[in-house]
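# Structural features, examined
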Amino acid sequence: MAGNWQLITSNQERKAAEQILNNCQQLPDIEGVVIGSGGSGGHRRWCLQPWSNLEAAALSSGAWLESIGIELDRVVVVNPLPKYHMGGLMPEVRATLWKVPVLDIPTEQLKTPSALLELFNDQKGFKTRNLVISMVPTQLIRLMADPAGCCWLQQFRLIWLGGARLNEATAIQARNLKLQLAPCYGATETAGMVSALTPGDFLSGINNCGRALSDVELKINPSSNAIEVRSKRLSSGWINGAKLQQFTNSNGWWCSGDAGQLTITGLEITGRLDWAINSGGATVFPEQVEAALCHSKGVAALLIVGLPDPEWGEKLVALVRIKPGADQQLVIKELCIEANKLPPAERPKKWFLSPQLETNREGKWERKRWLAWAKKKDCEIY
């Protein structure tokens, strides 16, 4: 094997990933990590990221912190994300490069906010330092549902929030709590964050992913509305059999799988292109419908998928997990009222109750899995 490449993966995927890595005959003769990308969409790719790219990303995010007045030498990095994903790996790289402490928190521990408060109280030096954390919206929502969680979040100087779109109801609640949220956008292919919104802009009412970091260029593909990125820290490629497949085109641009638009205030994410639904001739991004409906009372989780339909082409189907003790019929009735405020193409045509509905450990929807579940459920009904 050329170079010194460290495989970053969960124990469940390690054996298959090792075989893929060993079969590749075109690994660059440098040091870096091989890390999975795109698992939530069902198109797993093993990306190469040289250590130099990860370090460049850490320097870029550090410079961004300093540009908004956060002293880097007084930072404590708190990491609640799995290290076998880029979102959990980068906090470790940042802490090492910035030469600051890092506090790893097991993902399961986030479910007991009172214990988190006790943990912080035991760390006496935290009171005088800048606590910085990266998390996903699912984690944020769960913490804000508990008074102790709200108190814990309020101790952070900055909360980078990525991995999924932040719905308006959650944003409003976070502003009411005066949480220092910094919604951001990035990917494994980009060595993490490429744009971020300042907490000040977030608290002023802006709800997007902010402007590009200093070492990044962003643009929108005019034909597909896909977000495109150009940066020296883009992945060296992904393993495709014995070959290394490049992500970038001849001009150095990587075309992401996310649709979006660039505005005066920053990058707005529309949704995943590979999960867009063609309903009645209109392109519907399920994330936008979910954001409009998931704040309804009694809803613990909600996911939109598209199923074949002779009239609509694809019909929207809502999968719903009801909060314990809530009246199911009343919750669905309220959801229908909210859905009727949306354009016809964006209204779910069916509502399926799913007690097991939830995101994965990284707070992302495994849409391929739940689409298969919805197809089976739809067949059972008929």
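Anyway, here's the lowdown on the structure attached to this text. This is a predicted model, so every value here is computed, not measured.

## What about unusual backbone geometry?
Unlike most non-glycine residues, K99 shows phi in positive territory, near 60°. With respect to the element layout, K99 can be found in the loop between helix 3 (86–98) and strand 5 (102–104). Under the relative-accessibility criterion, K99 is labelled exposed at 76%. The backbone phi angle of A191 is positive, close to 60°, even though this residue is not glycine. Topologically, A191 is positioned in the loop between strand 8 (181–187) and strand 9 (192–196).

## Some thoughts on the pairing of strand 9
Burial analysis of strand 9 places five of its five residues in the buried class, the great majority of the element. Examined bridge by bridge, strand 8 and strand 9 share four bridges and lie antiparallel to one another. Directly across from Y185, in strand 9, lies its bridge partner S195. Hairpin geometry of strand 8 and strand 9 is characterised by an intervening segment of four residues between the two adjacent antiparallel strands and by a positive phi of about 60° at A191.

## Regarding the sheet that holds strand 16 (residues 267–272)
The strand order 11-12-15-16 describes an open sheet built from four strands, whose pairing is antiparallel. Looking at which strands have only one partner, the edges of the open sheet turn out to be strand 11 (217–220) and strand 16. Strand-to-strand twist in this sheet, taken as the mean axis angle between neighbours without regard to direction, amounts to 50°. Pairing of strand 11 with strand 12 (residues 226–230) involves four bridges; the strand directions are antiparallel. The residue of strand 12 that forms the bridge with E217 is R230.

## Let's talk about the packing of aromatic side chains
For any pair of aromatic rings, the description rests on two quantities: the centre-to-centre distance and the angle between the ring planes. Counted under the stated rule, the structure contains seven aromatic pairs. An angle of 55° between the planes, with centres 5.6 Å apart, marks the rings of F120 and F156 as tilted. Taken together, the residues span a long stretch of sequence, with F120 in helix 4 (residues 113–122) and F156 in the loop between helix 6 (147–153) and strand 7 (158–161) at a distance of 36 residues. Residue classification places F120 among the buried positions, given a relative accessible area of 2%. Summarising the aromatic geometry, the rings of W152 and F156 are spaced 4.9 Å apart at their centres and angled 80° between planes, so their arrangement reads as edge-to-face. Judged by its relative accessible area of 0%, W152 is buried. Through pairs of rings, three or more aromatic residues link up here, namely F120, F126, W152 and F156. In this structure, R175 packs its charged tip against the face of F202, placed 4.4 Å from the ring centre. Above the plane of the ring of W253 lies K219, whose end atom (NZ or CZ) is 4.4 Å from the centre.

## What to know about the pattern of salt bridges
Pairs can form between side chains of opposite charge whenever their charged atoms are close. Applying the stated criterion across every chain yields a total of 13 salt bridges. For the salt bridge of R14 with E18, the shortest nitrogen-to-oxygen distance reads 3.9 Å. Linking R14 with E18, this pair stays in helix 1 (residues 11–23), spanning four residues, or about one helical turn. K350 serves as the salt-bridge partner of D378, at 2.7 Å between the closest nitrogen and oxygen. Residue D378 is located in helix 11 (residues 367–381), and its partner K350 is located in strand 21 (residues 350–353); the two are separated by 28 residues in the primary sequence. The class of D378 is buried, set by a relative accessible area of 12%. We classify K350 as buried; its relative accessible area is 15%. Salt bridges here are not isolated pairs; linked through shared partners, they connect D258, R272 and D274.

Parameters and conventions
Residues numbered from 1 in each chain as written. Predicted model: local features only at pLDDT ≥ 70, side-chain atom pairs only at ≥ 80, totals over all residues. Heavy atoms only, no water. Helix = DSSP H or I, 4+ residues; strand = E, 2+ residues; numbered from the N terminus. Buried < 20%, exposed > 50% of the residue type's maximum accessible area, 1.4 Å probe, protein only. Pairing = 2+ DSSP bridges. Axes fitted to C-alpha atoms, helices over the stretch in contact; angles between N-to-C directions. Phe/Tyr/Trp six-rings, centres within 6.5 Å; stacked < 30°, edge-to-face > 60°. Lys NZ or Arg CZ within 6 Å of the ring centre and 35° of its normal. Salt bridge = Lys/Arg side-chain N within 4 Å of Asp/Glu carboxyl O.

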